[in-house]
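# Residue-level structure breakdown
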Amino acid sequence: MPAEHSTAPPARDPAGFAAFYEQQFDTVLGFVTRRVDSPHLAADLTADIFVAALENAHTYDARRGAPVAWLYGISRNVISAHFRGSSREQRAVARITGRRLLDDQDISAIEGRIDAARSVRRMAVAHAALPDPLRELLDLVALDGLTTREAAQALGISSTAARVRLHRARKALQAAEQTRTDHRETVLEATQ
């Protein structure tokens, strides 16, 4: 039966829609192949058109025209949507064209920064875990640049107490780093 004289797409009958598909397949494929030059794209778009037709079979109205005209309307919409999407993709590619891609040296530099930031975050966690008296003294010496004697004065403690606190703070930070290193080595050994 010629496509122009085919029956309407059945809305709820899968077997009937299969027959409709077989009737209209060549017509739709011809419509698509006149508009695209890739066989793979033509097959994909034809499939998309029939999926859309199946989903919208309930909207077919015989008073508005033949089934082939209805399918051509769906075909136009599917093909247009595809090319709009392709156009957006091409514009996005054009926007990034000319931008320098990362080479191995750039990637190494970025990885180095990530590792350094990770190390700083770990040290900040260990620092935050210190008791207040140790953290206060460490901050005055390491961050503010005071000598141990000046830090002791600022905190109102003896120089000896300041040296002991500073030693304990550094020892706690070293222990936290050693624990992390030991854990990493254990994990690496377990994965090998």
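Bear in mind that the values here come from a model prediction, so they are computed numbers and not experimental data. (Residues numbered from 1 in each chain as written. Predicted model: local features only at pLDDT ≥ 70, side-chain atom pairs only at ≥ 80, totals over all residues. Heavy atoms only, no water.)

### A word on the packing of aromatic side chains
We count it as follows: Centres within 6.5 Å are what make two rings of Phe, Tyr or Trp a pair, Trp counting through its six-membered ring; a difference in plane orientation under 30 degrees is then read as stacked, over 60 as edge-to-face, and the rest as tilted. For helices the rule is a DSSP run of H or I covering at least 4 residues; for strands it is a run of E covering at least 2, with both sets numbered from the N terminus onward. Relative accessibility decides the category of a residue: with a 1.4 Å probe and only protein chains considered, values under 20% of the type maximum give buried, values over 50% give exposed, and everything between is partly exposed.
According to the stated counting rule, one finds five aromatic pairs in the structure shown. Between phenylalanine 17 and phenylalanine 20 the ring centres are 5.6 Å apart and the planes differ by 50°, which places this aromatic pair in the tilted class. Here phenylalanine 17 pairs with phenylalanine 20, and both are found in helix α1 (residues 14-33), just three residues apart, close to one helical turn. The two residues phenylalanine 17 and phenylalanine 20 agree in class, both being buried.

### Section: helix α5 (residues 132-143)
Here is the rule: Directions pointing from the helix axis toward each C-beta atom define the arc.
When we look at burial in α5, the residues that qualify are Leu134, Leu137, Leu138, Leu140 and Val141. Taken around the axis of α5, the buried residues stretch over an arc of 160°, which confines them to a single face. Positive backbone phi, at 80°, marks glycine 145, one or two positions downstream of α5.

### Examining the packing of α1 against helix α2 (residues 39-55)
Using the following cut-off: Lines fitted to C-alpha atoms define the axes here, with helix axes fitted over just the stretch in contact, and angles between the N-to-C directions of these axes take values from 0 to 180 degrees. Angle categories: roughly parallel below 35 degrees, roughly antiparallel above 145, roughly perpendicular from 65 to 115, and oblique for all the rest. Less than a right angle of anticlockwise turn of the near helix away from the far helix marks a crossing as left-handed, whereas a clockwise turn marks it as right-handed. Whether two residues are in contact is decided by their heavy atoms: any pair within 4.5 Å suffices. The residue classification treats Ala, Val, Leu, Ile, Met, Phe, Trp, Tyr, Cys and Pro as nonpolar and Asp, Glu, Lys and Arg as charged. All others, Gly included, are polar.
Running from N to C, α1 and α2 cross one another at 135°; their axes reach a closest spacing of 10 Å. Here α1 is positioned oblique relative to α2, judged by the angle of their axes. Handedness of the α1/α2 crossing: right-handed. In this structure, α1 contributes Phe17, Tyr21, Gln24, Phe25, Val28, Leu29, Val32 and Thr33 to the contact, and α2 contributes Ala42, Leu45, Thr46, Ile49, Phe50, Ala53 and Leu54. By residue class, the composition of the contact of α1 with α2 is 12 nonpolar, three polar and no charged.

### Re the packing of α5 against helix α6 (residues 148-155)
Where α5 meets α6, the axes come as close as 9 Å, and the angle between the chain directions of the two elements is 135°. Relative to α6, α5 is oriented oblique. The two elements α5 and α6 meet at a crossing, and its hand is right-handed. Residues Glu136, Leu137, Leu140 and Val141 of α5 pack against Thr148, Ala151, Ala154 and Leu155 of α6.

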